[in-house]
Structure formats: structure tokens, C-alpha cells
Amino acid sequence: MQPKNPMTALLLSFIPGLGHLYLNRFVRAVMYGCGFFGPVALIFLLLVSGGHDEEFIVLLLIIAFLIGVVNLIDMVIYLVRGRVPSSAANVSSVDELTPVPPRADNDRFPTILLSIIPGLGHFHLGLMQRGLSFLIAFFGLLAMVFFIAVTTARSEFLAFLFVLPIIWLYAMSDCVQQLNRKQRGDALMDRTFFEDFQESRSDGKKSKMIAMFLSIVPGAGHMYLGLQKRGLQLMAAFLFSIYIMDVLRLSIFLFVIPILWFYSFFDALQQISKQGREELKDVPFVEWLVHNQKWVGIVLLVLGLYHVTDEMLLRVLDRMIPKINVSSLFHQYFQTFVVSVILIGGGLRLLFGSKKRKGEGR
């Protein structure tokens, strides 16, 4: 039997228990597998039965998540030790290990493994300040978001968790870059990544890698490159679209959100590719909006009137006319009305716009 591949074991360990089963660690495989998929199966049965307690389901989700994390950490520690079972013939117990002969690049694999947890890979390279800044940024944000969401009892704050993958990807890529520098024989500077931002601002140089990671948030990459107008409009359009879909219950137009995200991301990549070769022009996403800001005021006014009607006027009418549920009728037909107006208005705009262009062509 051929020796086990550590990278394969790491990838399989993202499914709790499977990586340990690959390494013939049967007790841990069963323990982590049952500990994770047991609560998941129980949640599924509770949801199917219909009579479920939300707090109990959340508790089961937390248990499954923690077991999955412990499973992954256990695998990372096991592989960092640099030992894997060589064959089935010499494995007499569940965790009997055979040392792997040292290799010239034996420092690379443990560093990449440890970088899965932000900061640990930097610690392994001796960059204590840099690793600590990534560790605090990741887990500090995680703790703060959950603390605010729990204390305010508003789950909307959990939306800020989307920043965590950005920090995680940036920390891992930075760790790989520092490792490559070390292997080339370059001197490593132990400083926080906040100092990198400050240095780039003072030198006027923009990091393409930072801009690319910030582009995951619509508009943020543009603003980092100095394209304030374009970035602000893209970010506002993206967040405003989410708000409108939620408030007006326009789920039929949810396809607009991924379109805006992809447009912003690939537009940022184009701007990044131009950096250094040509001057970047801060052209607004919707240029006519800059000169016609009254439409922004009209939209804000309409949203304000809608909010007052939905939160105050409809409740008063429900109390005055209890036999007729006015708010229910409003929500039932208002969405249809808005969707119809948007579709009809957009169709007329395209129809008369095409006729106008044909007339100008003649």
C-alpha cells in the first residue's frame, strides 16, 4: 500500500471524519463523523416533522460547527507533525505513526497548513506582530459581530460576516508571499498589515493584490484605487438594491444583485490591469446621475412616504377598520403594482428609445 498524501488528507478533512478515515484513524473518523452528521440529521428530521424548537436547532448547529472545526484543527496538527501512516501492514493501532523522511522543503507544507487559521502561518515564520494583527482582525471581527447581533437581537448584523472570507484569503496569500520571500533568502519585516496600508498611501503606490481582495466588496476596490465616484456609486447601487428588494418584497428582481456584483468585480479587475500603464479616470457608474441629483431626492422621498405608510398609516387603518385587514391587502397588491409599473415603464422606454434612434438615423 502506497504512503498517504497529506494534501489529500487535508482536503478530505473538510468533510468531518473523512480525512481521518483516509489516514486509517478509524476511531477519530467515527467520532468526528457521528459528532457532525448526527446533529445535522437530527436537524433535518426536526424540520421535516414540523414540530421543532428554533433554539434547539441553533444549539445543534453550533455543536456540529464546533465538531467540524475541532476535526479540521486535529488534522492540521497531525499533519504539521510531519507524520503519516505509511502502510496498512505496520499500523497496529488507530494512531500509530511512521515518521516521514525530512525533505528540503519541509518548512513549506506546515506553514501553508497553519495559514488556514489566520496568523498561525506567520507565527511559524517568526512574524509575531504580523500574525497577531491577522489573528485579532479575524477573530475580533467575528466576536464583535456576534456580540452586537446577540445584544441587539438583530440578525441583520450577521451580514458583516462576509468580511471574514476577505481577511482569511488575504492572510493566507500574504503568508505564502512571506514564505516565498524567506525561501529566496530575502529579509522578512515583522510589521502589521495596517502599516502596509499606511506605507502604500504615503508612497502613492497601490497594491494590486489588496485592490483585488477589496473588490470582493462592490466598490471597495475602486475606492482603494482612488476612483471614489465610481466606487461609491457601485457600492451604493449594490446595497440599495438589497434594501429595496427587502423593503418592497421584490423577490422577482433578485437577479439584479449578482449582476451588480459581477459587474463591479470585473470592472475593478479591468481598472487594476490598467494601473501603472495608463491614468485611471474616475468616471461615475451612472454619469447622468451626477448632474440630475433631483432623482435621488425623489427616490428618497418616495421611500420615506412608503415607510411612513407601512409603519404608521396602515397600522392606524387596521385598528380603525378591524374587519378589513388593510395592511395585508396593501402588501398583497403593492408588490404586483410596483413590478407591473417597472416592467411597463422599462418596456415603453426601450420601445420609444429605439424609435427615436431610428428617426435620428434617417
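Residues numbered from 1 in each chain as written. Predicted model: local features only at pLDDT ≥ 70, side-chain atom pairs only at ≥ 80, totals over all residues. Heavy atoms only, no water.

1. Re the overall build of the protein
Next, step 1: The number of helices and strands found in the protein is 16 helices and 0 strands.
Next, step 2: Taken over 362 residues, the protein has a buried fraction of 31%.
Next, step 3: Once local pairs closer than 6 in sequence are excluded, the contacts in the protein between residues at least 24 apart make up 58%.
Next, step 4: Counting every atom, the protein has about 23,000 Å² of accessible surface; 69% of that belongs to carbon and sulfur. (Helix = DSSP H or I, 4+ residues; strand = E, 2+ residues; numbered from the N terminus. Buried < 20%, exposed > 50% of the residue type's maximum accessible area, 1.4 Å probe, protein only. Contact = heavy atoms within 4.5 Å. Areas by Shrake-Rupley, 256 points an atom, 1.4 Å probe, with all protein chains shown as cover.)

2. Things to note about unusual backbone geometry
Most peptide bonds take the trans form, and the phi angle of most residues other than glycine is negative.
Next, step 1: The phi torsion at N24 lies on the positive side, around 65 degrees, for a residue other than glycine.
Next, step 2: When you line up the elements, N24 lands in the loop between α2 (18-22) and α3 (26-49).
Next, step 3: Residue classification places N24 among the buried positions, given a relative accessible area of 13%.

3. Details of the pattern of salt bridges
Next, step 1: Evaluation of the coordinates by the stated rule reveals 4 salt bridges.
Next, step 2: Residue D174 pairs with R130 through a salt bridge whose shortest N-O separation is 2.7 Å. Of the two residues, D174 sits in helix α8 (residues 163-184) while R130 sits in helix α7 (residues 128-152), which places them 44 residues apart along the sequence. In this structure, D174 and R130 share a single accessibility class: buried. (Salt bridge = Lys/Arg side-chain N within 4 Å of Asp/Glu carboxyl O.)

4. What to know about α7
Next, step 1: The end-to-end C-alpha separation of α7 is 35 Å, in line with the 36 Å expected for 25 residues at 1.5 Å each.
Next, step 2: Listed in full, the buried residues belonging to α7 are R130, G131, S133, F134, A137, F138, L141, V145 and A149.
Next, step 3: Following α7 by one or two positions, A153 has its phi on the positive side, about 55 degrees. (Expected span 1.5 Å × (residues − 1).)

5. Things to note about the side chain of S264
Next, step 1: Turning to its location among the elements, S264 is positioned in helix α13 (residues 256-274).
Next, step 2: Taking relative accessible area as the criterion, S264 reaches 1% and is therefore assigned buried.
Next, step 3: What S264 contacts, discounting residues up to four positions off in sequence, is P218, G219, H222 and L234.

6. A closer look at α3
Next, step 1: Taking 1.5 Å of rise per residue, 24 residues should cover 34 Å, and α3 covers 33 Å from first to last C-alpha, within 8% of that figure.
Next, step 2: For α3, the complete set of buried residues consists of A29, Y32, G33, G35, P39, I43 and L46.

7. Some words on a nonpolar patch on the surface
Next, step 1: Side chains of L42, F44, L45, V48, F56, L59 and I63 sit close together on the surface and give an oily, nonpolar patch of about 650 Å² of accessible area.
Next, step 2: Among the secondary structure elements, those contributing two or more residues to the nonpolar patch are α3 and α4 (54-80).
Next, step 3: Per-element tally for the nonpolar patch: the top contributor is α3, with 4 residues. (Patch = residues over 30% accessible without salt bridge, like charges linked within 9 Å, V, L, I, M, F, W, Y side chains within 5 Å.)

8. Section: the nonpolar core
Buried together is how nonpolar side chains tend to be arranged in soluble globular proteins.
Next, step 1: Formed by 22 residues in total, the largest nonpolar core has its most connected members in Y170 and L225.
Next, step 2: Residue assignment for this core shows that the elements contributing at least two residues are α7, α8, α10 (208-214) and α11 (220-224).
Next, step 3: In terms of nonpolar packing, the next biggest core, distinct from the first, is built from 12 residues, L23, L72, V76 and F109 among them. (Core = buried A, V, L, I, M, F, W, Y, C linked by side-chain atoms within 4.5 Å.)

9. Remarks on the confidence of the model for the protein
Next, step 1: Summarising the model, the protein shows a mean pLDDT of 75, and 78% of its residues fall at 70 or more.
Next, step 2: This model gives residues 85-104 a pLDDT under 50, and the stretch forms 27 contacts once residues within four places in sequence are excluded. (pLDDT = per-residue confidence, 0-100.)

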